[in-house]
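Spelled out from the first residue to the last, the chains are:
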Amino acid sequence: MVLPKYDVVLTTDRSMMSNYHGKEFLGFVTTGPVFVSFGPFAKLSEWFHEFIAAPKMKTDRYGRPYQAPYGMRKIEAALLDAGINAAIIDPDHVHKYIPTAKVLMLSHHDYFGLNPPSSTWSAIVGREPLNAYLFRKFMMRIRPYVMEAKERNGLKVVVGGPSAWQWLYLPELMSFFGVDVVFDGEGEKLVVDLVKRILNNEPVPRYVYVGVNDVPSIDEIPTIKYPAVNGFVEIGRGCPRGCAFCSVTLRPLRWYPLDKIEEELKLHVRHGVVHGLIHSDDVPLYGSVGVELNPDKLIKLHQLVKRYYLTMAWSHTTLGSVLNAEKRYNKLASKIAEIIEDEHQEWWGAQVGLETGSRRLARSIMPGKAAPFKIEDWWDVVEESLAIMHEIKLIPALTVIVGLPGETADDVMETIELLDRIKPYRSLVVPMFYVPMNHIRAEKDGWIVKYNLIPEHIELLKKMFEHSVYWAKDIVNHFYLKGPQYWPVRAAVNYFISYVEKRVRKLYDRLDEIAAEIKVRRLESKVEAPKLMELITSKNL
């Protein structure tokens, strides 16, 4: 078989190039540590973890994936629109194309497991997360092909995506893997010029950062040419809430018109993809200016999506937006639920930032999170919004940031108390360690080990775990993986939940010891709390 030749080849590892059994949020399982990384069952456990979290993507005979990550599809479309011969290739086939390519482009949400929640799990368990493991394994496999192509044909390697910044903290790996350019930010506007310069053998910068003035307008963002993973369709970019810990707020707010959204819905349906996800950083704000809702546009958006997709989900929403929709816009959240939930679909999901239960910290770092409600009423916003979600069967994955700058024991106890109050509401709670950039350089084996934790954080982690276990099996069995077609995956996920539950409960006594040791050391030294990773590894957990 003669392979087509592409000047530009785009690819990534298996943790990204998968449709996760058609269940987008199963992809989060790739952020967890490989079950067993030693002994006679290492290979079996690795296979089992990949079966649950990152099954292989179907490809055509040339190794082009049936679906690919949405961000990569956008870059591919920009290059194709510019007349550049480019294609996305599955990681199992990309080695065949590297020898003749002129540009190899890589993308990832978390190249080295430095982002939460990957870094959170690896710090607690002391093991490499699956996504970082699979990326490292993939890069080691293709490295000989890359190095030979660089020497023979002048191949250039460009890395991008949401975690492109990680390469800047690991320059030795840039050299080892032959990375020439780090492209950081929205790429549709500037990437074409960069690639053309490479193809013309012109010099290119080592680092490209896309500032506010260089982000593409809606008209400059192309329509994808081929299906994205799980029918992913973007409806807008940017967020007006201004949280101090989030880079998304630096981007201007832009909304796609309905006809542009419809183009990608039609494309997916033509390729047989009828289950999808709509994406923005706060879906209910669609068509809005600021944080006030646009009910007419929001309803028309959901009617449009359900015209094409049998089932749909949201990528993200905020508690303030859901409460605002229901409370101040004549039960708008319930009206949207009536559009979404039909004979094909009983529920939908979204990622939601709870972040902290501390009202003091909330005022300081995310004053716009509850808007248009007052951040001083954060607890009421959280409880009322989750009660609405529970009623309309919108299932949230709630993120909580652990170890925020300036967080005190009282702040942590407030978060614990809030978790107690929201236990009646169907949800998962995901801890995310706050990762300062100056802590990326590790002290041991290339892993983050610096976390400023206090004893109360141990109790918070246990509380989050108990909440999630309480609801996980209910969600998996009665909502997320309901139906006979999902029984193998459902059985595997239930086993995974039980396995994790047993493992974590075995750690409880030792975690209590660690909490006590942290407390003693703090009293003795009167300085920052010792780091959790150091204590865990010292006890060989």
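Quick caveat: nothing in here was measured; it's all calculated off a predicted structure. (Residues numbered from 1 in each chain as written. Predicted model: local features only at pLDDT ≥ 70, side-chain atom pairs only at ≥ 80, totals over all residues. Heavy atoms only, no water.)

Helix and strand counts for the protein chain come out as 16 helices and 15 strands. In the protein chain, the share of contacts with a sequence separation of at least 24, taken over all contacts with a separation of at least 6, comes to 80%. Surface exposure of the protein chain reaches about 22900 Å², of which carbon and sulfur atoms provide 54%. (Helix = DSSP H or I, 4+ residues; strand = E, 2+ residues; numbered from the N terminus. Contact = heavy atoms within 4.5 Å. Areas by Shrake-Rupley, 256 points an atom, 1.4 Å probe, with all protein chains shown as cover.)

A few words now on the sheet that holds strand β15 (residues 428-433). In any sheet, the strands associate via hydrogen bonds between backbone groups, in a parallel or an antiparallel arrangement. The strand order across the open sheet formed by four strands is β12-β13-β14-β15, and the pairing between neighbours is parallel. The open sheet has two edge strands, β12 (316-317) and β15, and neither has a second partner. Contacting β12, β13 (348-355) and β14 (394-402), helix α12 (residues 378-392) runs over the sheet at an angle of about 150 degrees to β14. (Pairing = 2+ DSSP bridges. Axes fitted to C-alpha atoms, helices over the stretch in contact; angles between N-to-C directions.)

This part takes up the pattern of salt bridges. All told, the structure shown has 26 salt bridges when counted by the stated rule. Linking R237 and E234 is a salt bridge whose minimum nitrogen-to-oxygen distance equals 2.9 Å. Look at R237 and you get buried, because its relative accessible area is 8%. Residue E234 is classed as buried on the basis of its relative accessible area of 7%. Close ionic contact of R307 with E262 constitutes a salt bridge, the shortest N to O distance being 4.0 Å. Of this pair, R307 sits in helix α8 (residues 295-308) while E262 sits in helix α7 (residues 258-270), and the two are 45 residues apart along the sequence. (Salt bridge = Lys/Arg side-chain N within 4 Å of Asp/Glu carboxyl O. Buried < 20%, exposed > 50% of the residue type's maximum accessible area, 1.4 Å probe, protein only.)

Another aspect to go through is the sheet that holds strand β6 (residues 207-209). Read from one edge of the open sheet, six strands run β2-β1-β3-β4-β5-β6, paired in parallel fashion. Every interior strand has two partners, whereas the edge strands, β2 (86-88) and β6, have only one. Neighbour-to-neighbour, the strand axes of the sheet open up by a mean angle of 20 degrees, direction not taken into account. As defined by bridge partners, strand β1 (residues 8-11) adjoins β2 across three bridges and the pair is classed as parallel. Along β2, the bridge assignment pairs V9 with A87. Along the sheet face, helix α4 (residues 130-153) touches β1, β3 (103-107) and β4 (156-160) and points at about 155 degrees away from the line of β3. In the packing of helix α6 (residues 191-199) onto the sheet, contacts are made with β1, β3, β4 and β5 (181-184), and the angle to β3 comes to roughly 150 degrees.

On to a nonpolar patch on the surface. Where nonpolar side chains cluster on the molecular surface, the patch consists of L168, Y207, Y209 and L250 and spans about 400 Å² of accessible area. Mapped onto the fold, Y209 is located in strand β6. A residue is classified by how much of its surface remains accessible, and Y209, at 49% relative accessible area, is partly exposed. (Patch = residues over 30% accessible without salt bridge, like charges linked within 9 Å, V, L, I, M, F, W, Y side chains within 5 Å.)

Our next topic: helix α2 (residues 70-81). Count 3.6 residues to each turn of an α-helix, and residues three or four apart come out pointing the same way. Relative to the 16 Å expected for 12 residues at 1.5 Å per residue, α2 spans 16 Å between its end C-alpha atoms, a close match to the ideal helical length. Of all 12 residues in α2, nine are buried; the element is thus mostly enclosed. The complete set of buried residues in α2 reads Y70, M72, R73, K74, I75, E76, A77, A78 and L79. Of the residues one or two after α2, G83 is the one with positive phi, at around 85 degrees. (Expected span 1.5 Å × (residues − 1).)

Averaged over the protein chain, the pLDDT score is 86; the fraction of residues at 70 or greater is 82%. This model gives residues 37-41 a pLDDT under 50, and the stretch forms three contacts once residues within four places in sequence are excluded. Overall, residues 521-541 carries pLDDT values under 50, and its contacts beyond four positions in sequence, including any with other chains, amount to 52 contacts. (pLDDT = per-residue confidence, 0-100.)

Packed helices, taken two at a time, are described by their axes: the angle between them and the distance between them. One can describe the packing of α8 onto helix α10 (residues 332-340) by two numbers: an axis separation of 9 Å at closest approach and a directional angle of 15 degrees. Taken together, the axes of α8 and α10 lie roughly parallel to each other. In this structure, α8 meets α10 at a crossing whose hand is right-handed. Mapping the contact onto sequence places P295, L298, I299, H302, Q303 and K306 in α8 and L332, I336, I339 and I340 in α10. Considered class by class, the residues forming the contact of α8 with α10 number seven nonpolar, two polar and one charged. (Parallel < 35°, antiparallel > 145°, perpendicular 65-115°, else oblique. Left-handed = near helix turned anticlockwise from the far one by under 90°. Nonpolar A, V, L, I, M, F, W, Y, C, P; charged D, E, K, R; others polar.)

A separate point is the packing of aromatic side chains. Taken as a whole and assessed by the stated rule, the structure comprises 14 aromatic pairs. Between Y111 and F112 the ring centres are 6.1 Å apart and the planes differ by 40 degrees, which places this aromatic pair in the tilted class. Assigned by exposure class, Y111 and F112 land together as buried. Relative to Y169, the ring of W165 lies with its centre 5.9 Å away and its plane at 85 degrees, an arrangement referred to as edge-to-face. Taking the relative accessible area as the measure of exposure, W165 reaches 16% and is therefore buried. The rings of Y111, F112, F135, W167, F176 and F177 are connected pair by pair, giving a single aromatic cluster. Across the ring face of F176, the terminal group of R143 is positioned such that the distance to the ring centre comes to 3.8 Å. The aromatic ring of W379 is capped on one face by R359, whose charged end is 4.0 Å from the ring centroid. (Phe/Tyr/Trp six-rings, centres within 6.5 Å; stacked < 30°, edge-to-face > 60°. Lys NZ or Arg CZ within 6 Å of the ring centre and 35° of its normal.)

Counting buried positions over the eight residues of β13 gives eight, a clear majority of the element. Of the two faces of β13, both are covered, the one formed by W348, A350, V352 and L354 as well as the one formed by G349, Q351, G353 and E355. Where β12 meets β13, two bridges bridge the pair, whose relative direction is parallel. Pairing of T317 across the sheet is with V352, part of β13.

This brings us to the environment of I198. Along the chain, I198 turns up in helix α6. On the basis of relative accessible area, I198 is assigned to the buried category, the value being 8%. Sequence separation between I198 and K156 is 42 residues; the distance between their C-alpha atoms is 7.4 Å. Setting aside residues no more than four positions away along its own chain, I198 makes contact with K102, V103, K156, V158 and V204.

Further remarks concern the environment of K335. Positionally, K335 belongs in helix α10. In this structure K335 comes out as partly exposed when scored by relative accessible area, which is 33%. Along the primary structure K335 and A325 are separated by 10 residues, whereas in three dimensions their C-alpha atoms are 9.6 Å apart.

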